[in-house]
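In case you want the letters, here they are:
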Amino acid sequence: MLTIAEQSNDELELLQQVRISVRNLVEFLLRSGDIDNRKSRGMQTQAMQEGSRIHKKLQRAYGGDYMAEIPLGFTIRMERYELTIEGRADGIFTRDGLPCIDEIKGVYQDVSAMEEPVGVHLAQAKCYAFMHAARNNLEQIGIQMSYCDLDSEEVNRFFDCFEFEELEKWFDELLQEYAKWADFQYEWRMLSIATIKQLQFPYEYRPGQKQLVEDVYRTILRKKNLFIEAPTGTGKTLSTLFPAICAVGEEQAEKLFYLTAKTLTATVAIETLGLFAEHGYRGKIVQITAKEKLCKCEKPDCNPVACPYAKGHYDRINDAVFALLQKEDFFTREALLAHADEYMVCPFELCLDLATWSDVIIGDYNYVFDPTVYLKRFFAEGVKGDYLFLIDEAHNLVERGRQMYSQTIVKEDVLELKRILKPYSARIAKAADKVNRILLEYKHACEEYEIYDNINALLPALMRLASELERFLQKPLTIEKRDEVMEFYFNLRGFLNIYELVDENYVIYSSFREDGAFYVKLYCADPSVNLQRCLDKGRSAILFSATLLPIQYYKKLLSTREDNYAVYAQSVFSKEQRLLLIGTDVSSKYTRRTADEFWKIAQYIIKIASSKKGNYIAFFPSYRLMEQVYEQFVNLQDEKEEITAIVQTQNMKEEQREAFLQEFDAEKEQSMVAFCVMGGIFGEGLDLREDKLIGAIVVGTGLPQINFEGEILKNFFDNRDGNGFDYVYRYPGMNKVQQAAGRVIRTQKDRGIIALLDDRFLQGENLRLFPREWQDYRCTRLEDIERKLSGFWESDFADGGEKL
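Because the structure is predicted, anything quoted here is derived from the model rather than measured. Going along each chain's sequence as written, the residues are numbered from 1 onward. pLDDT decides what is reported in this predicted model: residues at 70 or higher carry local features, side-chain atom pairs at 80 or more are listed and counted, and totals for whole chains, interfaces and linings draw on all residues regardless. As a rule here, side-chain values cover all heavy atoms of the structure and leave hydrogens and water aside.

## As for the overall build of the chain
Phase 1 of the analysis: For the chain, the count of helices and strands is 28 helices and 25 strands.
Phase 2 of the analysis: Radius of gyration (C-alpha) of the chain: 30 Å, near the 28 Å computed for a compact globule of 804 residues.
Phase 3 of the analysis: In terms of overall dimensions, the chain has a C-alpha envelope of 95 × 70 × 50 Å along the principal axes.
Phase 4 of the analysis: Burial classification: accessible surface area is computed with a 1.4 Å probe over protein chains only, and a residue below 20% of its type maximum counts as buried, one above 50% as exposed, and the rest as partly exposed. Looking at the chain as a whole, 57% of its 804 residues are labelled buried.
Phase 5 of the analysis: Contacts were defined at the residue level, with two residues in contact if any of their heavy atoms lie within 4.5 Å. Contacts in the chain between residues far apart in sequence, at least 24 positions, make up 79% of those at least 6 positions apart. Working definition: helices are DSSP H or I runs of at least four residues, strands are E runs of at least two. Numbering for both runs from the N terminus. The size measure is the radius of gyration over C-alpha atoms, and the globule rule it meets is 2.2 Å times the number of residues to the 0.38 power.

Laid out in structure tokens, this is it:
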């Protein structure tokens, strides 16, 4: 039998620790059966804050000797390490002289219909009961399972009494089953750490790169956050991954999350980790891929009827995970799909389970920050770890944060739900009708948009509808459009969950979609509080981008901590590699958008692309302006077609994007200009090296188009600190400009042109946002640009032009 370790403190310090939470232990070992999306998730779903509120309310109601949130743990001495199981009991109290464990579960479900506790919930409580009894030499202990309906606050309790010997035998069997996983975790950690200690930086450091590596490592040691403005060429991926992995090797952290906004930037991280592997590094690495891209069926429909991989998935998944851990270090999409076939398990769920055992997890921002899809095994309420967050292209996280923490409810969707479910449930139809009538009142009072202090009239009706839907979805009924019903239900739950977060950082408003549908939105204007709550789940965060200026803007909107660090990494590119021009005789201002102005911009593009054969990209602030200039470009070329052109279109499919990019690889007899939109799919993340791209023409200062939501946001920040225009328009616009310009110089072998076509770039507010590397800009006009271009291409770097 496994027993409590009896060692001195010195011996304890020498032993490696393997830790697992009580919840993760029982959910991992005791799961079984099918994946089934037809069943309501009410039993597994707790609201972000509502669950905590119910816990505290029930705990306070006991009074007396009731002790709440008691940490409990149990450590056993294995042959080479110590295994610690730890958690927090919701409550410990005495009932008729008998010590008891209280396990509270807040659920969206009619708890009065429950006949017994859920198995994994009871297993959690039995773990706590064993730990408490072992610590206090108890022969008997009681377990109370308290289920509370989060909507009605009705409580149903189950009580049982256990002998210590019975619990000890059960707990011992549980740990025996987990022993092979703990052995693997220890053995792999020792192997990985040994390889990290031998790992050297794979290249000679570029100027300033060693300092950046040291800054990242020092930040991790101090458990701080670091914002890095890292110009292209600083090797920011290598310079952040290397010290982070070294910190894991020094046991300053247990796991590394590399977070990106786009798959393209994830590819660079994967290549860098592959480089480390070539130099001896051993680490388990998984890239979390969207379910749609891993699903073996035509579309994800996760139930045993529609998908053979869902049937009995949980009976086979642990064997599948353990086998793949023995075979692979990098869990590629191909390996996941092949292994899923071999064991008949869901490849997406396999990918998620492998993350538990991986050293590096690569994925989208939403797996850490999004309240609906974050990885609950790492970031659930009350769970945190020594995680490192490397957040690439962090400038994207501001808008993504707003999106993830905002939510809408659409009036027309409520009516459609009523239509679908009226034949099945009069109660749901009545509840939906109540919501619709309130939304109709809001609609009548709304012209373009309406801002509310609160939605107290709407909220109870939404909660009632959610409660009725939850009860209905517990029934195994076959209904018309069940997918639409489930989508509405999850959106409604998301709305109610987000409402719990609404504070001074939110604006609540109503408006109309383009199709006329009326909606109410909880708009997260400032996402910093919500994002910081997620960052606090780890040890340290490194947020980096080539365009993180002004840094104070990003520090304010991405974190609430006052002690965050910030550094400006040194660029390794020489000024002679590129010519930066500002066209002072053109503008994209709305008041100057005339045929003459479009003609002049098209002339600029033609003269630049004619100065040297190669590939160029012309970036525009909108599709409309791009099309207007492109029309002039075509007219000016006449029938000569001396310059090839390709044009980005809206809603391009993946194969269209790939074909577009392949044009940069093709051999051509003349120059090519790609007409693209700033901030779009080709506006950042492209890595076109050497002669694949030799020029970028950026038309306009990138200001987002004015719309009512932008004006709501502007007024929000004006009222807070008077920086509304900068926060909503100027800073995001200049960020897009810098991202577009950053496509040109990617390596020390590159040479190219960056042309900023708008006289507004010379305004002091915009010049102050230029990165350090842009201080050598040169002004030009259409009549003298050819001289400047030829001077640049014909010599190392041509003087000329004037700097203002």
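## Examining the environment of Ala546
Phase 1 of the analysis: Mapping Ala546 onto the fold places it in the loop between β17 (540-545) and α21 (551-558).
Phase 2 of the analysis: For Ala546, the residues in contact, after removing those within four places along its chain, are Glu229, Ala230, Pro231, Thr232 and Lys236.

## Focus on the packing of aromatic side chains
Phase 1 of the analysis: Each aromatic pair joins two rings of Phe, Tyr and Trp (for Trp, the six-membered one) with centres within 6.5 Å, and gets the label stacked for planes under 30 degrees apart, edge-to-face for over 60, and tilted for any other angle. Inspection of every chain in the model, using the stated rule, returns 51 aromatic pairs.
Phase 2 of the analysis: Relative to Tyr729, the ring of Phe725 has its centre 5.5 Å away and its plane inclined at 35 degrees; by these criteria the two rings are tilted. One end of the pair, Phe725, and the other, Tyr729, are both in helix α26 (residues 724-741), four residues apart, so they sit about a helical turn from each other.
Phase 3 of the analysis: Cluster of aromatic residues (ring-pair linked, three or more members): Phe28, Tyr178, Trp181, Phe184, Phe322 and Trp357.
Phase 4 of the analysis: A cation over an aromatic ring shows up here: Lys376 above the ring of Tyr374, its NZ or CZ 4.6 Å from the ring centre. For a ring to carry a charge above it, either NZ of a lysine or CZ of an arginine must fall within 6 Å of the ring centroid while also lying within 35 degrees of the normal to the ring plane.

## Some words on a negative patch on the surface
Phase 1 of the analysis: Taken together, the side chains of Glu139, Asp160, Glu163, Glu165 and Glu166 define an acidic patch exposed on the protein surface.
Phase 2 of the analysis: Listed by contribution, the elements that provide at least two residues to the negative patch are β6 (155-163) and α5 (164-198).
Phase 3 of the analysis: Here Glu139 shows up in the loop between α4 (119-136) and β5 (140-149). Each patch is built from residues that are more than 30% exposed by relative accessible area and take part in no salt bridge. Like charges join if they lie within 9 Å; nonpolar side chains (Val, Leu, Ile, Met, Phe, Trp, Tyr) join within 5 Å. For accessible areas, the Shrake-Rupley method is used with a probe of radius 1.4 Å. Any residue's cover is judged against the shown protein chains and nothing else. Salt bridges are identified by distance alone: a Lys or Arg side-chain nitrogen within 4 Å of an Asp or Glu carboxyl oxygen. In summary, the charge assignment counts Lys and Arg as positive and Asp and Glu as negative, without counting His or the chain termini. Taken as the charge centre is NZ of Lys, CZ of Arg, CG of Asp or CD of Glu, depending on the residue.

## Quick word on the sheet that holds strand β16 (residues 518-524)
Phase 1 of the analysis: A pair of strands is treated as paired once DSSP finds two or more bridges between them. The strand order β13-β16-β15-β14 describes an open sheet built from four strands, whose pairing is antiparallel. Unpaired on one side and paired on the other, β13 (407-410) and β14 (449-452) mark the two borders of the sheet. Put simply, the sheet's adjacent strands are angled 20 degrees from each other on average, direction ignored.
Phase 2 of the analysis: Bridging between strand β15 (residues 506-512) and β16 involves seven bridges; their strand directions are antiparallel. Bridging from a neighbouring strand, Val507 pairs with Tyr523 of β16.
Phase 3 of the analysis: Axis geometry follows a simple rule: fit a line to the C-alpha atoms, using only the stretch in contact for helices, then measure angles between N-to-C directions, giving values from 0 to 180 degrees. Sitting on the sheet, helix α19 (residues 482-499) touches β13, β15 and β16, and the angle it makes with β13 is about 130 degrees.

## A few points about unusual backbone geometry
When glycine is set aside, most residues are seen to have a negative phi, and most peptide bonds are trans.
Phase 1 of the analysis: In this structure, the amide linkage connecting Leu549 to the following residue, Pro550, adopts the cis form with an omega of -10 degrees.
Phase 2 of the analysis: Considering the arrangement of structural elements, one finds Pro550 in the loop between β17 and α21.
Phase 3 of the analysis: At Asn137, a position not held by glycine, the phi torsion is positive, near 55 degrees.
Phase 4 of the analysis: Summarising the element assignment, Asn137 is placed in the loop between α4 and β5.
Phase 5 of the analysis: Residue class for Asn137 comes out exposed when judged on its relative accessible area of 69%.
Phase 6 of the analysis: One non-glycine residue, Asn651, lies in the positive phi region at around 55 degrees.
Phase 7 of the analysis: Relative to the helices and strands, Asn651 is located in the loop between β21 (644-647) and α24 (654-662).
Phase 8 of the analysis: Residue Asn651 is classed as exposed on the basis of its relative accessible area of 75%.

## What about the packing of α5 against helix α10 (residues 313-327)?
Phase 1 of the analysis: Running from amino to carboxyl end, α5 crosses α10 at an angle of 25 degrees, the nearest separation of the two axes being 12 Å. Accordingly, the angle class assigned to the pair α5 and α10 is roughly parallel. The handedness of the crossing between α5 and α10 comes out as left-handed. Contacts between α5 and α10 involve Lys180, Trp181 and Phe184 from the first element and Asn318, Val321, Phe322, Leu325 and Gln326 from the second.
Phase 2 of the analysis: Each residue receives one of three labels: charged for Asp, Glu, Lys and Arg, nonpolar for Ala, Val, Leu, Ile, Met, Phe, Trp, Tyr, Cys and Pro, and polar for the others, Gly being one of them. Of the residues assigned to the contact of α5 with α10, the class counts are five nonpolar, two polar and one charged. For classification, angles of less than 35 degrees are called roughly parallel, those exceeding 145 degrees roughly antiparallel, those between 65 and 115 degrees roughly perpendicular, and all remaining angles oblique. Handedness of a helix crossing follows the sense of rotation of the near helix relative to the far helix, less than a right angle counterclockwise being left-handed and clockwise being right-handed.

## Quick word on the pattern of salt bridges
Phase 1 of the analysis: Under the defined criterion, the tally for this structure stands at 39 salt bridges.
Phase 2 of the analysis: As a salt-bridge pair, Asp483 and Lys299 come within 3.7 Å of each other at their nearest N and O atoms. Here the residue Asp483 occupies a position in helix α19, and Lys299 occupies one in the loop between α9 (291-294) and α10, the gap between them amounting to 184 residues.
Phase 3 of the analysis: In this structure, the salt-bridge partner of Glu709 is Lys521, at a minimum N-O distance of 3.0 Å. One end of the pair, Glu709, is in helix α25 (residues 708-721); the other, Lys521, is in strand β16, and 188 residues separate them in sequence. Across the pair, Lys521 and Glu709 agree in class, each one buried.
Phase 4 of the analysis: One continuous salt-bridge network, built from bridges that share partners, spans Arg31, Asp353 and Arg377.

## Structural notes on the sheet that holds strand β20 (residues 615-620)
Strands in a sheet are paired, the pairing made by backbone hydrogen bonds, and the direction either parallel or antiparallel.
Phase 1 of the analysis: Here seven strands make up an open sheet; going across it, the order is β21-β22-β20-β23-β24-β19-β25 and the pairing parallel. The open sheet has two free edges, formed respectively by β21 and β25 (778-780), since each of these has just one partner strand. Taking each pair of neighbouring strands and ignoring which way they run, the sheet shows an average axis angle of 20 degrees.
Phase 2 of the analysis: Bridge count for β20 against strand β22 (residues 672-677) is six bridges, and the pairing is parallel. Pairing of Ala618 across the sheet is with Phe675, part of β22.

## Some words on helix α23 (residues 623-637)
Phase 1 of the analysis: Multiplying one less than the number of residues by 1.5 Å gives the expected span of a helix. The end-to-end C-alpha separation of α23 is 21 Å, in line with the 21 Å expected for 15 residues at 1.5 Å each.
Phase 2 of the analysis: Along α23, the positions that sit buried rather than exposed are Leu625, Met626, Gln628, Val629, Gln632, Phe633 and Gln637.
Phase 3 of the analysis: The secondary structure elements touched by the buried residues of α23 are α22 (595-611), β20, β21, β22 and β23 (695-699).

## What about the pairing of β23?
Phase 1 of the analysis: In terms of burial, β23 is largely enclosed, as five of its five residues are buried.
Phase 2 of the analysis: Of the two faces of β23, the one carrying Gly695, Ile697 and Val699 and the one carrying Ala696 and Val698 are both buried.
Phase 3 of the analysis: One ladder, built from four bridges, connects β20 with β23; its direction is parallel. Bridge assignment links Ile617 to a residue of β23, and that residue is Ala696.

## A short note on the side chain of Ser671
Phase 1 of the analysis: Mapped onto the fold, Ser671 is located in the loop between α24 and β22.
Phase 2 of the analysis: Accessibility expressed as a relative area gives 6% for Ser671, which makes it buried.
Phase 3 of the analysis: Pairing of N or O atoms within 3.5 Å defines a polar contact, subject to two protein rules: one partner must be a possible hydrogen donor and the other a possible acceptor, and residues neighboring in sequence count only if both atoms are side-chain atoms. Looking at Ser671, its side chain comes within polar contact range of the main-chain nitrogen of Gly614, at 3.1 Å.
Phase 4 of the analysis: Leave out the neighbours within four places in its chain, and Ser671 touches Ala609, Lys612, Lys613, Gly614, Tyr616, Glu642, Ile643 and Thr644.

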